[in-house]
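Remarks on the overall topology
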Amino acid sequence: PASDTFLEALPKAELHVHLEGTLEPALKIILARRNGHPLQNMTEDEIRAGYSFHDLPSFLALYYEGVDLLQTEQDFYDLCYAYLKKVASQNVLYTEMFFDPQLHTRRGVAFGTVITGITRARKDAERDFGIRSQLVMCFIREMSAESAEETFTQALPYLSDIVGVGLDSDEKGNPPAKFANVFRRAREAGLHVTMHCDIDQENTHEHIRQALEDVGSERLDHGLNVLDRPELVAQARERHIPFTVCPFPNMVIRPGSNEKDIRALLDAGMTITINSDDPGYMHSVYMTEALKLARDGANLTPQEVVTISRNAFNAAWIGEAERQTYL
Ligand code: ES4
Ligand code: ZN
């Protein structure tokens, strides 16, 4: 239909995608062959058949299995280059990509291997497809605060390649305040700060409050549970906090969310963006498909879709001169 041409052609920015979550089954097989991993004997369909999740822990189990296939600098290059090539074809002009260095360093892959491969892919993809990208380093919230601190120290030689820090993985029992010191260090080093406040987590309202009031989060990744608390809604509105909404995991983890929550966020005056999250594990729902899910779920008008897409360029961690080239 004509409206899908509209979504395809729309200039887009993505603010919530986990690079390791863009690993498609086809690339998994290539990496498994390259690195002598038993998964090399599976077909893409067999790999996909194992992809069912119903909550954050069951998703993370899948995601962590895939992460182990990434070994060499070339592996990280191929992962990042494939994602950027794919979304450039969807008219994504700019993307801020999360990566999870601790999932690699804890199994013996050097921090430098990870970031060097990714950075080289970013440069090549910009040259080849014109797509601009930046990196947001996430801390793994079920790992210790000390591990996050060590990771930040490892990142110091590479800070010019990192625009911000985030917080992801298992939220249960792991509030933002656990990482207050490392986020303070990151802010002092001039990095931006965001964090996941995932869907329907234990103590979610306290986590959102801490993110906004105690650890200086400039955005909320997911953050849907803000809707349960008028005082959090008011704070997010006053501070113009952008929400990175991800329609695919919404649909799986909180059925009806795209119908109800997206509209409720808009009605409450929240600034929302639409994003893919982990497209390799989510039926290859990249930006165009994520926008379709949001539009069809919440009955967004074309004007609302345009506004939401512009929100992402406005919320992007880029200079004003670059922003003007997109708007
Ligand atoms: C994630 Cl959706 C989501 N939430 C928390 N951690 C993650 N890591 C990758 N995707
Ligand atoms: Zn996420």
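Residues numbered from 1 in each chain as written. Chains lettered and ligands numbered in written order. Predicted model: local features only at pLDDT ≥ 70, side-chain atom pairs only at ≥ 80, totals over all residues.

1. Section: helix 2 (residues 25-35)
Going by this rule: The burial criterion counts other C-beta atoms lying within 10 Å of a residue's C-beta, which is placed from the backbone; the residue is buried at 20 or more, exposed at 12 or fewer, and partly exposed between these limits. Every helix listed is a DSSP run of H or I at least four residues long, and every strand listed is a run of E at least two residues long, numbered separately from the N terminus. Think of it this way: build a C-beta for each residue from its backbone, and any pair within 7 Å is a contact.
Listed in full, the buried residues belonging to helix 2 are P25, L27, K28, I29 and L31. On its buried side, helix 2 packs onto helix 3 (44-49), helix 4 (56-67) and helix 5 (73-88). With its phi angle positive at about 65°, G36 sits one or two positions after the end of helix 2.

2. Quick word on the sheet that holds strand 5 (residues 192-197)
Our working rule: At least two bridges found by DSSP between two strands is the condition for calling them paired. Axis lines are fitted through C-alpha atoms, for helices just across the contact stretch, and the angle between N-to-C directions can take any value from 0 to 180 degrees.
A sheet is described by the order of its strands in space; here 8 strands give the open sequence 1-2-3-4-5-6-7-8, paired in parallel fashion. Of all strands in the sheet, those with a lone pairing partner are strand 1 (12-18) and strand 8 (271-274), marking the two edges. Shown here is a sheet whose adjacent strand axes are inclined to one another by a mean of 25°, direction ignored. Bridge analysis of strand 3 (residues 132-140) against strand 4 (residues 164-168) gives 5 bridges, and the strand direction is parallel. The residue of strand 4 that forms the bridge with V136 is G164.

3. Some words on the nonpolar core
Heads up, the condition is: What makes a nonpolar core is a set of buried Ala, Val, Leu, Ile, Met, Phe, Trp, Tyr and Cys residues, with links drawn between C-beta atoms within 7 Å.
Counting 88 residues, the largest nonpolar core has F99, I118 and A290 as the members making the most contacts within it. Sequence-distant contacts of I118, that is, excluding residues within four places in its chain, are made with L19, F76, C80, F99 and L135.

4. Overview of the UniProt feature "site: Important for catalytic activity" (unreviewed entry) in the chain
Spelled out, the test is: UniProt positions are given in the numbering used here, feature names are shortened, and annotations may be inferred rather than shown by experiment.
The sites that UniProt annotates as "site: Important for catalytic activity" (unreviewed entry) are H222. Inspection of the secondary structure assignment puts H222 in strand 6 (residues 219-222). Those residues in contact with H222 that lie beyond four places of it in its chain are H196, C197, D198, I199 and C246.

5. A closer look at the environment of A49
In this structure, A49 sits in helix 3. Along the backbone, A49 and D68 are 19 residues apart, and their C-alpha atoms lie at a distance of 19 Å.

6. Some thoughts on the UniProt feature "binding site: substrate" (unreviewed entry) in the chain
This chain's UniProt record puts "binding site: substrate" (unreviewed entry) on D278. Within the secondary structure, D278 is located in the loop between strand 8 and helix 14 (287-298). Setting aside residues no more than four positions away along its own chain, D278 makes contact with H18, G21 and Y63.

7. Considerations on the packing of helix 5 against helix 7 (residues 111-129)
This is how it is decided: Each crossing gets its handedness from the near helix: less than a right angle anticlockwise from the far helix is left-handed, clockwise is right-handed. In this classification, Asp, Glu, Lys and Arg are treated as charged, Ala, Val, Leu, Ile, Met, Phe, Trp, Tyr, Cys and Pro as nonpolar, and every other residue, Gly included, as polar.
Relative orientation of the contacting elements helix 5 and helix 7 amounts to 35°, with a least axis distance of 7 Å. Once helix 5 is placed against helix 7, the crossing between them reads as right-handed. In this structure, helix 5 uses E73, Q74, D75, F76, Y77, C80, Y81, L84, K85 and A88 to contact helix 7, whose residues at the interface are T113, V114, T116, G117, I118, R120, A121, R122, D124, A125 and F129. The class makeup of the residues in the contact of helix 5 with helix 7 is 11 nonpolar, 4 polar and 6 charged.

8. Focus: the environment of F248
One can find F248 in helix 12 (residues 247-253). The exposure class assigned to F248 is buried, which follows from the 23 C-beta atoms found within 10 Å. Residues F248 and D75 lie 173 residues apart in sequence; the distance between their C-alpha atoms is 26 Å. Setting aside chain neighbours within four positions, we find F248 in contact with S276, D277, M282, V285, A290 and L293.

9. A word on the pairing of strand 6
Under the convention used in this document: By convention, a crossover is right-handed whenever its connection, traced from the first strand over the helix to the second and viewed with the strands pointing away, goes clockwise.
As paired elements, strand 5 and strand 6 share 4 bridges and run parallel to each other. By the bridge assignment for strand 6, C197 is matched with H222. A crossover links strand 5 with its parallel partner strand 6, the connecting element being helix 10 (residues 204-213), and its sense is right-handed. Sheet topology note: the strand 6/strand 7 (residues 242-245) ladder contains 2 bridges and is parallel. Within strand 7, the residue paired with L220 across the bridge is F243. Each parallel crossover has a hand, and for strand 6 linked through helix 11 (residues 230-238) to strand 7 it is right-handed.

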